[in-house]
Amino acid sequence: MNAPNRFELYVLDEGEAPVEVNEDTKIPNAATIKILKQDHTLGNMLRAQLLSMPEVLFAGYKVPHPLHPHFLLKIQTDGTKAPDLILSDACNQLIGTLSSLEAKFKREFAFKETDSSGGAGVTGGTFATSDDPYGTGAGTGSGASWGNRDDYLDF
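Remember, it's a predicted structure, so these values are computed and weren't measured experimentally.

Turning our eyes to something else, we now look at the nonpolar core. Leu46, Leu50, Leu73 and Leu87 are the most contacted members of the largest nonpolar core, which has 14 residues in total. Taken together, the elements giving at least two residues each to this core come down to strand E2 (30–36), helix H1 (40–51), strand E3 (56–62), strand E4 (70–77) and helix H2 (83–116). With four residues, the single largest contributor to this core is H2. With sequence-adjacent residues up to four places away left out, leucine 50 is seen in contact with Val56, Ala59, Leu73, Ile75, Ile86, Leu87 and Ala90.

The structure is reproduced here in structure tokens:
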């Protein structure tokens, strides 16, 4: 079989750098960044995050070959920041976005578990805890009704 062992797709070898930055000599304020042991999942998220930043003129990625576990990320900036610093900022913003998504996900499942546990947090159709899923202050025991089961999902 031509496919490499599965662990070779995500485990870095000893002394192997996960990121290599090569400054582009033909395009100003541009760099090609090789990220090892990653695939389309991270490549597309980074590209989308980079394109949402006003300093970035171009961001794109490619996976040279499906059997080689790395991708190349090309970034061109307007010159206010270096491409590697912009990538660092994009990674920090992406981590923040994913942390926020995780917190919302956990919060919604906590509400679902509370709702299905036989009324541990729900009393007579009202939300009985001080945690308000909408952030409106209506869930502090003031008689706010749940209504439809799906009306508290905010994503």
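On to the packing of aromatic side chains, then. Here the structure, examined in full by the defined rule, presents two aromatic pairs. Taking 5.9 Å as the distance between ring centres and 80° as the angle between the ring planes, the aromatic pair formed by tyrosine 61 and phenylalanine 71 counts as edge-to-face. Separated by ten residues along the polypeptide, tyrosine 61 in strand E3 and phenylalanine 71 in strand E4 bring together distant segments of the chain. Judged by its relative accessible area of 0%, phenylalanine 71 is buried. Relative to phenylalanine 109, the ring of phenylalanine 105 has its centre 4.7 Å away and its plane inclined at 55°; by these criteria the two rings are tilted. Placement of the pair is phenylalanine 105 and phenylalanine 109 together in helix H2, with a separation of four residues, close to one helical turn. Take phenylalanine 105: its relative accessible area is 44%, and that puts it in the partly exposed class. For phenylalanine 109, a relative accessible area of 41% gives the class partly exposed.

Rules and cut-offs
- Residues numbered from 1 in each chain as written.
- Predicted model: local features only at pLDDT ≥ 70, side-chain atom pairs only at ≥ 80, totals over all residues.
- Heavy atoms only, no water.
- Core = buried A, V, L, I, M, F, W, Y, C linked by side-chain atoms within 4.5 Å.
- Buried < 20%, exposed > 50% of the residue type's maximum accessible area, 1.4 Å probe, protein only.
- Helix = DSSP H or I, 4+ residues; strand = E, 2+ residues; numbered from the N terminus.
- Contact = heavy atoms within 4.5 Å.
- Phe/Tyr/Trp six-rings, centres within 6.5 Å; stacked < 30°, edge-to-face > 60°.

Coordinates in, geometry out; function isn't part of it.
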